[in-house]
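Now for the letters of each chain:
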Amino acid sequence: MATESSESEEEGKIRGGNEKLIVEDDLREMGKNAAWSVSSCKPGNGVNTLRDDNLETYWQSDGLQPHLINIQFQKKVKLQLVFLYVDFKLDESYTPSKISIRAGDGFHNLKEIKSVELVKPTGWVCLSLSGTDPRETFVNTFMLQIAILSNHLNGRDTHIRQIKVYGPRPNPIPRQTFQFTSMEFLTYSTLR
């Protein structure tokens, strides 16, 4: 699994963040396969700024809360982690403090799968989509919705600088129940 942000003793609270995005090789970025939309935005700070790989730009909402980010896939995908880049030092009252993540087949049947509280985050914040059962390591879904329920200092609009969505990398060898990790084992993985 990827390096996670420091979580507090209280369940659902995340403090801090990581300066660099570190993800293990068994995960792949799934956001490029999705259609992204937002509930509102200020001119020049639209949905494209969430995916431009530039930490200086940001999406800024415009309107009443909750602010929504919708990530829709053409086919059902397995998702494991969501990374948000937020910066309390720069954005102050625009920084999200309560976030809800919902999943489903579409807008009509979204169910909350994760709710977290961010405490003055700066950097990449990792949100695991796995459930309480250790066998639930991912969410199988057509749509993911990130809802910003409130901001720090009772701010109205929100800033999010980047979002990355990761899922498990598919097994490169079909009909094989496990995946070898070294080149040497891959060489001897099949019989002739």
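Here, every reference points to the structure presented above.
About the criteria used
Residues numbered from 1 in each chain as written. Predicted model: local features only at pLDDT ≥ 70, side-chain atom pairs only at ≥ 80, totals over all residues. Heavy atoms only, no water. Phe/Tyr/Trp six-rings, centres within 6.5 Å; stacked < 30°, edge-to-face > 60°. Helix = DSSP H or I, 4+ residues; strand = E, 2+ residues; numbered from the N terminus. Buried < 20%, exposed > 50% of the residue type's maximum accessible area, 1.4 Å probe, protein only. Core = buried A, V, L, I, M, F, W, Y, C linked by side-chain atoms within 4.5 Å. Contact = heavy atoms within 4.5 Å. Salt bridge = Lys/Arg side-chain N within 4 Å of Asp/Glu carboxyl O. Polar contact = N/O pair within 3.5 Å; in protein donor to acceptor, adjacent residues only side chain to side chain. Patch = residues over 30% accessible without salt bridge, like charges linked within 9 Å, V, L, I, M, F, W, Y side chains within 5 Å. Areas by Shrake-Rupley, 256 points an atom, 1.4 Å probe, with all protein chains shown as cover. Lys, Arg positive; Asp, Glu negative; His and termini not counted. Charge placed at Lys NZ, Arg CZ, Asp CG, Glu CD.

All right, on to the packing of aromatic side chains then. Applying the stated criterion across every chain, the model contains 2 aromatic pairs. Ring geometry for Phe-83 versus Tyr-166: centroids 5.7 Å apart, planes at 90°, classification edge-to-face. Placement of the pair is Phe-83 in strand β6 (residues 81-87) and Tyr-166 in strand β12 (residues 162-168), with a sequence separation of 83 residues. Residue class for Tyr-166 comes out buried when judged on its relative accessible area of 10%. The interplanar angle of 70° and the centroid separation of 5.3 Å between the aromatic rings of Tyr-85 and Trp-124 together place this pair among those described as edge-to-face.

Ranked by internal contacts, the top residues of the largest apolar core, which has 29 residues, are Ile-69, Ile-71, Val-82, Leu-144, Ile-146, Ile-160 and Ile-163. For this core, the secondary structure elements donating two or more residues are β3 (34-38), β5 (67-79), β6, β7 (96-104), β8 (111-119), β9 (122-128), β10 (139-151) and β12. Broken down by element, the residue count for this core peaks at 5 residues, all from β5. Every residue in contact with Val-82, bar those within four places of it in the chain, is listed here: Ile-101, Val-125, Cys-126, Leu-127, Leu-129, Leu-144, Ile-146, Ile-163 and Lys-164. Judged by nonpolar contacts, the second largest core, of 7 residues, contains Leu-27, Tyr-85, Trp-124 and Cys-126.

Turning to unusual backbone geometry, a few remarks are in order. Of note, the amide linkage connecting Gln-65 to Pro-66 takes the cis form, showing an omega dihedral of 5°. Along the chain, Pro-66 turns up in the loop between β4 (59-60) and β5. Unlike most non-glycine residues, Lys-120 shows phi in positive territory, near 45°. With respect to the secondary-structure elements, Lys-120 resides in the loop between β8 and β9.

Think of it this way: side chains of opposite charge can pair up when their charged atoms draw near. A full pass over the atoms with the stated rule returns 7 salt bridges. Residue Lys-164 is joined to Asp-53 by a salt bridge in which the shortest nitrogen-to-oxygen separation is 2.4 Å. Of this pair, Lys-164 sits in strand β12 while Asp-53 sits in the loop between β3 and β4; the two residues are 111 residues apart in sequence, bridging distant segments of the chain. When its relative accessible area of 56% is taken as the criterion, Asp-53 is described as exposed.

Let us now look at the side chain of Asn-45. Structurally, Asn-45 can be placed in the loop between β3 and β4. Exposure remark for Asn-45: the relative accessible area of 17% places this residue in the buried category. In terms of polar contacts, Asn-45 uses its side chain to reach the backbone carbonyl oxygen of Tyr-58, at 3.1 Å. Those residues in contact with Asn-45 that sit more than four places away from it in its chain are Tyr-58, Trp-59 and Gln-60.

Glancing now at a positive patch on the surface. A surface patch of positive charge is lined by Arg-28, Lys-32, Lys-75 and Arg-169. Looking at the secondary structure, you find Lys-32 in the loop between β2 (27-29) and β3.

Turning our attention to the environment of Leu-50. You can see Leu-50 is positioned in the loop between β3 and β4. For Leu-50, a relative accessible area of 0% corresponds to the buried category. Apart from residues no more than four positions distant in its own chain, Leu-50 is found in contact with Val-38, Trp-59, Ile-69, Ile-160, Arg-161, Gln-162 and Ile-163.

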